[in-house]
Every structure is written in C-alpha cells, then in structure tokens.
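Letter by letter, the chains look like this.
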Amino acid sequence: VRVVTVIGNRPQFVKAAAVSSLLRQEHEEVLVHTGQHYDDELSTVFVQELGIPALEHELAIGSGSNTQQTARMLEALAPLLAQERPDAVLVYGDTNSTLAGALAAAQAGIGLAHVEAGMRSFDRLMPEELNRVVADHLSTLLLCSSQGAVENLAREGIVDGVEMVGDVMVDVAQLFAPRARQRTAMLERWNLKEGGFLLATAHRAGNVDAPERLAVLVELLRGMPLPVLLPLHPRTARRLQEAGTLEALTAGDRVLLAPPLGYLDFTTLLMNARAVLTDSGGVQKEAYLAGVPCVTLRDRTEWPETVQAGWNTLVDLDADAAREAIERPIPDERPELYGDGRAGERVVAELVRRFSA
Ligand code: UD1
Ligand code: UDP
C-alpha cells in the first residue's frame, strides 16, 4: 500500500512515531509536514528524538488564522496528491493540518484514514471539534482510540470503516517510559523534587487568546500549593507578552518557566510531578498512562474515560477546584482505557486491509 501521511503539529509527530517506521517496513509512505508548527522545539526535535523517518515534503505553511492556514494547506496539498497518487491519505488528531489533509484527500477522491477518529468534546466553539467532525465524516477508515469513540461515531451514523485499534500515544509512551524514568537528574535543572511540583501546559485558544481568561489562568497557576513548572507554548508566550503579564506570572518564583521541551524531557517531568495541570488533549492521556493525576483546565474533554476512572478532574479555570483536585486521593485502579500499546501495528494492518490495490 502507498500512503501519504499529513502531519504538522507537535502532537502529530508523537503519534506518527508509532506508525511511520512500521508502515515503511513493508509498504510505501510519503511523509508531508504542513509546517503548521515550524519552530525546532515544536517540530524538528520530535522528528529526531522519536526516530520519525525523514520528511519527504515540507510545505512551510506557517502561522495564520484557522481559515488562512487551512486554505494555504489545501492549495499546497492538491498538486502534491495529484503527483504522489497514493492509495490513501493518513491524518492524525484534530488540528488544522488534520482538516486540510482530510479535505484534500476527499476532494481528490483518495481514501482517507483518520487516527483518533470519534473523539468529541461536544464544544463546537473549539476549532479542534470542527476539525474532528469534518475529518470523521470524510474518512473511509476511522481508527478509534477507545470504545467511547466508536459509540460517538455510531451516534452520528458512522459505522462502516470504524475500527477500534487503541491509542497510538500509548505505544510511544510505553516505548519511551523506561528511558524517561532514568533521566531524573534533569529535575535538578529546575531544583525540583520527585512528587514535589506540578507540571503545567496551556495553549488552548479558549484559555489564552482572550486577555480576561489569560489573567485568570495566570492567577490560578500562581496560587497553587506547590511550585509549578510551565514549559511555555509559543502561542501562550506571545499572548502573555501582549498582555504584559509574563512578569506577574513568574513573580515570587511560584511558577517556573521553561521553553517547550522535547518529548523525553517532558515525559521525565510528567512522571515525577505530583500532578499535571493542562488544557492539552494528549497530556491528559499521558498523565493517565504515567499514573499521575491530571487537572484539566477546561470544562469538557474528549478523553472522558480518564475523568470517569477518577484520574482526571475538569476544573476549567477555577483555582479552588484545581487546589481541591490536587489534594484528592489517587484511585486504586488504572484500567487499560486506550489499548495495549500495539495500536501502531493495527493501524498498519487496517491500512493494508482497506487500501491495498
Ligand atoms: C495547534 C492546534 C491545537 C494543538 C496544538 C498542539 C489547531 C486549530 N490548533 O494549536 O489543536 O493542540 O497545535 O500544540 O490546529 N507559533 C510559533 N511557532 C510555531 C508554531 C506556532 O511561534 O512553530 C505561534 C504563532 O504565534 C502562532 C501561534 O503559536 O500564531 C499558534 O499556532 P497554531 O499552530 O495556529 O496553533 P496552536 O496553538 O499551536
Ligand atoms: N509535549 C512535549 N513537550 C512540551 C509539551 C508537550 O513533548 O513541552 C508533548 C506531550 O508529551 C504530548 C504532546 O506534546 O505528547 C502534546 O501536544 P500538545 O499539548 O501541544 O497538543 P494537544 O495534544 O493538545 O493537541
């Protein structure tokens, strides 16, 4: 089978690490990077660290509004697909790169496979929710991370081509956990003690783009009972600078800033944190896999199983609720919600089954 894979954002490099090399063992893959993320620390570092094959095409689309970004990607992807003539296009997750890859495939009449199909936050104010819904309704092969995702699709009338394969981020987490666990010396870089700090990430448009929400987020992070390490996403860095709140955030050393970190550094910190505060999608899952409580800075999640299992608490930007969530006892059990770490193999098998000529 010959597959064009379209990726472009930090979490998609992580997800592709579970599939691309495996796919290439017996099949052909053409890897396309849209350039939605272009800073080394959001892209190149992951390609190198996670052993992702060399990229065949870099579209260098760069930043812009959701509309501009998607339009530019579509414009670049149409001739590329005409030239490469794959049996299928593979996309991951819910970003603008996912949407563009999906729509370009559908417009070219090429089969589309979507990894993380069926995730829903049921909040269409999030650009990601629109991207998920559209990608799923255009897909011929819908590769689901959880049973809940399969059920979400069924409610929207999508049953053909739906396969429950497990979550590819589990594969990557399992592969890198032993190495990450050994790197505790890096805690010293920020003078942190095992279990004695909180790891935070925030970049969701709904949390950082509106200055009022951003101000509440800053106060929440400053008011935590333990030191907070915040590897700063460039979107958030920019918004904090625009609002003039970067100094307020770090005053008093309650919040320690770091640049966006590589996967291994980030995973080491995650495994050693008392809890994680995040509005990321992937980090909610990774916290669960690492057995670290997650406090999600949103009012909904597309990963509800982690909440039902008692490991994740939705607090939106309520600082009291966040403090309470951190004090909650850890549940006794952590069931296998997202598969066994072999999702990549199943993704490849389903691609071959569905799209081989
Ligand atoms: C995007 C995805 C989001 C995903 C996140 C992963 C959409 C709608 N959003 O959000 O779902 O969770 O990636 O991290 O697709 N910037 C840089 N350098 C870069 C990239 C971005 O400085 O390499 C800055 C620019 O100011 C840019 C801003 O960050 O305008 C936002 O980048 P963008 O890719 O539009 O969205 P993310 O917030 O990264
Ligand atoms: N991540 C990382 N370094 C960081 C922050 C996150 O390596 O400083 C990884 C994290 O382990 C996860 C992925 O990036 O695998 C999540 O990406 P992000 O939060 O940007 O996107 P989302 O999952 O919300 O779409």
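Shown above is the structure to which this text applies.
Residues numbered from 1 in each chain as written. Chains lettered and ligands numbered in written order. Predicted model: local features only at pLDDT ≥ 70, side-chain atom pairs only at ≥ 80, totals over all residues. Heavy atoms only, no water.

This part covers helix α13 (residues 263-272). Most of α13 is tucked away: 9 of the 10 residues are buried. Turning to α13, its buried residues are Tyr 263, Leu 264, Asp 265, Phe 266, Thr 267, Thr 268, Leu 269, Leu 270 and Asn 272. (Buried < 20%, exposed > 50% of the residue type's maximum accessible area, 1.4 Å probe, protein only. Helix = DSSP H or I, 4+ residues; strand = E, 2+ residues; numbered from the N terminus.)

A few words on unusual backbone geometry. Located in the positive-phi region is Asn 191, a residue other than glycine, with phi close to 60°. By relative accessible area, which is 63% here, Asn 191 ends up exposed.

Moving on, we come to the site of ligand 2. Taken together, 17 residues lie near ligand 2, and Arg 204, Leu 261, Ser 280, Gly 282 and Glu 286 sit nearest. In the model, an oxygen atom of ligand 2 is placed 2.7 Å from a nitrogen or oxygen of the Arg 204 side chain. Protein contact buries 96% of the 540 Å² of open area that ligand 2 shows by itself. With respect to the pocket detection grid, ligand 2 is positioned in the largest pocket. Of all the elements in the fold, those that place two or more residues in the shell around ligand 2 are α1 (10-16), α13 and α14 (282-290). Classifying every residue of the shell around ligand 2 by side-chain character gives 9 nonpolar, 5 polar and 3 charged. (Near = heavy atom within 4 Å. Polar contact = N/O pair within 3.5 Å; in protein donor to acceptor, adjacent residues only side chain to side chain. Areas by Shrake-Rupley, 256 points an atom, 1.4 Å probe, with all protein chains shown as cover. 1 Å grid on protein atoms, 1.4 Å probe; cavity = no way out; pocket = protein on both sides within 12 Å on 5 of 7 lines; lining within 4 Å. Sits in = over half its atoms within 2 Å of the grid points. Nonpolar A, V, L, I, M, F, W, Y, C, P; charged D, E, K, R; others polar.)

In terms of residue burial, α14 counts as a mostly covered element, since 7 of its 9 residues are buried. Downstream of α14 by a residue or two, Gly 291 has a phi angle that is positive, lying close to 70°.

All told, the structure shown has 29 salt bridges when counted by the stated rule. Ionic pairing is found between Lys 15 and Glu 116, a salt bridge with its closest N-O pair at 3.1 Å. Taken together, the positions of Lys 15 in helix α1 and Glu 116 in strand β5 (residues 111-117) put the pair 101 residues apart, joining distant regions of the chain. Per residue, the accessibility class of Lys 15 equals that of Glu 116, and both read buried. Between Arg 183 and Asp 265 there is a salt bridge, with its nearest N and O atoms 2.7 Å apart. With Arg 183 in the loop between α8 (168-181) and β8 (198-201) and Asp 265 in helix α13, the pair connects residues that are 82 residues apart, well separated along the chain. Residue classification places Arg 183 among the partly exposed positions, given a relative accessible area of 29%. Three or more residues are tied together by salt bridges with common partners; here these are Asp 94, Glu 129, Arg 132, Arg 298 and Glu 302. (Salt bridge = Lys/Arg side-chain N within 4 Å of Asp/Glu carboxyl O.)

We now examine the side chain of Glu 163. Tracing the chain through its elements places Glu 163 in strand β7 (residues 162-164). Among the polar contacts listed, one links the side chain of Glu 163 to the side chain of Arg 353, at a separation of 3.2 Å. Beyond its immediate sequence surroundings of up to four residues, Glu 163 is in contact with Leu 141, Leu 142, Leu 143, Cys 144, Glu 350, Arg 353 and Arg 354. (Contact = heavy atoms within 4.5 Å.)

The subject of this paragraph is the nonpolar core. Core analysis: the largest hydrophobic core is formed by 36 residues, its most contacted members being Val 19, Leu 50, Leu 90, Tyr 263, Val 347 and Leu 351. A total of 6 residues in this core trace back to one element, the largest contributor, which is α8. Ignoring any residue separated from it by four or fewer positions in sequence, one finds Leu 50 in contact with Phe 13, Val 14, Ala 17, Phe 176 and Tyr 263. Judged by nonpolar contacts, the second largest core, of 26 residues, contains Val 208, Leu 221, Leu 232 and Val 295. (Core = buried A, V, L, I, M, F, W, Y, C linked by side-chain atoms within 4.5 Å.)

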